[in-house]
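# Summary of the model geometry
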Amino acid sequence: MRNDVVLPSGGGDAVPSAGTATTRAPLGADAHHDGQTRDAVVNLLVEDGPLTASEIGERLGISAAGVRRHLDALTSAGDIEVASTGFGQRRGRGRGRPAKWFQLTAEGRGKMRHAYDDLAGAAMRKLRDLGGHDAVAEFARERVERIVADVSPSADPFTVSDTVEEIADALTSAGYATNTRQVGNGIEICQHHCPVAHVATEFPELCEAETAVFTELLGTHVQRLATIANGDCACTTHVPIHPPPEAPPSPRHGTSQTLPTTTRKATR
């Protein structure tokens, strides 16, 4: 189920029904509604970006003109940008004029930064001063292990995909807004938000620990393709799927069965 953002009724982009009298809201109210809508756009891009303008409009229930206005404002502010050329083709969209896919910029993510990032960074630096790299690596590993503590390790190639889904659920519960998708003969774990991105930029041990723990849980070598800490729009980990020779063919004449993209909503 997609993690939709519901705007308060009466938002600035609502279209009144025909014949209904309307009263012009004060300028301050308009600005407030615009801010709410743009926050909702940013939240969507954090949780499930990149997205097209039409997808954003459909998810938020606002007009195409309203979407363009908010996207233009966010682009001018440096908060969002158009994703790299060809992203739509990689998502398997059809032919025709390619749509623009929007994603957060590093500056846009920086505006979401929490005040405790500075404190966390200072604590990590102190830990490194006292215990060196090994102390930081040990802390990073223990942190990831706590997040995935309830994930069942993969017992054989048939259960790898199930363990991937459990990992994604655990990450989402920890604030990583994670989904999965099939790519070729593997599955990608896509973390659309990272609560510790600013700290991970200075301490890559946090990302390295995730990759190591994922590898152990899945029983197969995984590859980290991108990280938010390095400026990418999501942390992406590729998990190869190697069914054994005796695996029964799928109903689709022996081809690998398609795994749908799965989006999770964080539980509080």
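Counting from 1, residues in each chain are numbered in the order their sequence is written. Given that the model is predicted, a residue must reach a pLDDT of at least 70 before its local features are reported, and side-chain atom pairs must reach 80 or more before they are shown or counted; all residues, however, enter totals for whole chains, interfaces and linings. The side-chain quantities take in all heavy atoms of the structure and omit both hydrogens and water.

## Digging into the sheet that holds strand 2 (residues 80–82)
The test is simple: Strand pairing requires that DSSP identify at least two bridges connecting the strands. Secondary structure elements follow DSSP: runs of H or I no shorter than four residues count as helices, runs of E no shorter than two count as strands, and numbering proceeds from the N terminus.
Overall, antiparallel pairing links the three strands, which are arranged 1-3-2 in an open sheet. Looking at the sheet topology across the chains shown, the edges are occupied by strand 1 (51–52) and strand 2.

## Looking at helix 7 (residues 160–173)
The criterion, for reference: The span one expects for a helix is its residue count, reduced by one, times 1.5 Å. The buried label applies to any residue whose accessible area, calculated with a 1.4 Å probe on protein chains only, is under 20% of its type's maximum; exposed applies above 50%, and partly exposed to all values in between.
Taking 1.5 Å per residue, 14 residues should reach 20 Å; helix 7 reaches 20 Å between its end C-alpha atoms and fits that length. Burial in helix 7 covers these residues: Val160, Thr163, Val164, Ile167, Ala168, Ala170, Leu171 and Thr172. Just beyond helix 7, the residue with positive phi is Gly175, at close to 100°.

## Topic: the side chain of Arg224
How we decide: Two N or O atoms form a polar contact when they lie within 3.5 Å of each other; inside protein one atom must be a possible hydrogen donor and the other a possible acceptor, and for residues adjacent in sequence the pair counts only when both atoms belong to side chains. Pairs of residues are marked as contacts when any of their non-hydrogen atoms sit within 4.5 Å.
Take Arg224: it is sitting in strand 6 (residues 223–226). A polar atom in the side chain of Arg224 sits 3.0 Å from the side chain of Glu210. Polar contacts involving the side chain of Arg224 include one to the side chain of Thr237, which spans 2.8 Å. Discounting residues that sit within four places of it in the chain, Arg224 has contacts with Gln191, Cys207, Glu210, Thr211, Phe214, Cys235, Thr236 and Thr237.

## Notes on the confidence of the model for the protein
Reading predicted coordinates in detail is not appropriate for stretches of low pLDDT. What counts here: For every residue, the pLDDT score states the predictor's confidence, bounded by 0 at the bottom and 100 at the top.
Chain-level statistics for the protein give a pLDDT mean of 78 and a share of 70% at 70 or above. The least confident element of the protein is helix 4 (residues 87–90), whose mean pLDDT is 50; the most confident is helix 9 (residues 205–218), at 96. Here residues 1–27 is a poorly scored stretch, pLDDT under 50, and it has 35 contacts once near neighbours within four places are set aside; other chains count. A low-confidence stretch, residues 253–259 (pLDDT under 50), is modelled with 12 contacts involving residues beyond four sequence positions or located in other chains.

## Observations concerning the pairing of strand 4 (residues 178–183)
Across six bridges, the pairing between strand 4 and strand 5 (residues 186–191) is antiparallel. Bridging across to strand 5, Arg181 finds its partner in Glu188. Between the antiparallel neighbours strand 4 and strand 5 lie two residues, among them Gly184 with a positive phi of about 60°.

## Some thoughts on helix 2 (residues 53–60)
An α-helical turn contains 3.6 residues, so any two residues separated by three or four positions project in the same direction. For helix 2, the complete set of buried residues consists of Glu55, Ile56, Gly57, Arg59 and Leu60. Remark: Gly61 follows helix 2 within two positions and exhibits a positive phi of approximately 70°.

## Quick look at the nonpolar core
Counted only if it meets this: In these notes, a set of buried Ala, Val, Leu, Ile, Met, Phe, Trp, Tyr and Cys residues joined through side-chain atoms within 4.5 Å is what counts as a nonpolar core.
Grouped together as the largest cluster of nonpolar side chains are 32 residues, with contacts concentrated most on Val164, Ile167, Leu206, Leu218 and Val239. Put simply, the parts of the chain that give this core at least two residues each are helix 6 (116–147), helix 7, strand 5, helix 8 (197–202), helix 9 and strand 7 (235–240). The element contributing the most residues to this core is helix 9, with seven residues. Excluding anything up to four places from it in sequence, Val164 contacts Thr180, Ile187, Ile189, Leu218 and Val239.

## Observations regarding the state of the cysteines
Selection criterion: Here, the term disulfide refers to a pair of cysteine sulfur atoms separated by no more than 2.5 Å.
Taken as a whole and assessed by the stated rule, the structure comprises zero disulfides. A disulfide-free cysteine, Cys207 has its sulfur positioned 5.8 Å from the sulfur of Cys235, the nearest such atom. Here Cys235 is not disulfide-linked; the sulfur of Cys194 is the nearest cysteine sulfur, at 5.2 Å.

## Observations regarding the pattern of salt bridges
What counts here: Salt bridge, as applied in this entry: a Lys or Arg side-chain nitrogen positioned within 4 Å of an Asp or Glu carboxyl oxygen.
Under the defined criterion, the tally for this structure stands at six salt bridges. Arg141 serves as the salt-bridge partner of Glu145, at 2.9 Å between the closest nitrogen and oxygen. Residue Glu145 and its partner Arg141 are both found in helix 6; the two are separated by four residues, about one turn of the helix. The exposure class assigned to Arg141 is partly exposed, which follows from its relative accessible area of 28%. Ionic pairing is found between Arg181 and Glu188, a salt bridge with its closest N-O pair at 3.1 Å. Judged by relative accessible area, Arg181 falls into the partly exposed class, the value being 25%. The class of Glu188 is buried, set by a relative accessible area of 8%. When salt bridges that share partners are traced, they join Arg125, Arg128 and Glu202 into one network.

## Overview of the environment of Gly35
Checked against the element boundaries, Gly35 lands in helix 1 (residues 27–48). On the basis of relative accessible area, Gly35 is assigned to the partly exposed category, the value being 28%. Residues Gly35 and His70, 35 residues apart in the sequence, show an inter-C-alpha distance of 9.3 Å.

## A look at the pairing of strand 7
Working note: regular strand, side chains alternate between the two faces of the sheet. Among the six residues of strand 7, five are classified as buried, and the element is accordingly described as predominantly covered. Relative to strand 7, strand 5 runs antiparallel, the two sharing six bridges. When the sheet's bridge partners are listed, Ile187 is paired in strand 7 with Val239. Two strands pair when backbone bridges link them, and strand 6 and strand 7 are joined in this way by three bridges, in the antiparallel orientation. By the bridge assignment, Ala226 is partnered in strand 7 with Thr236.

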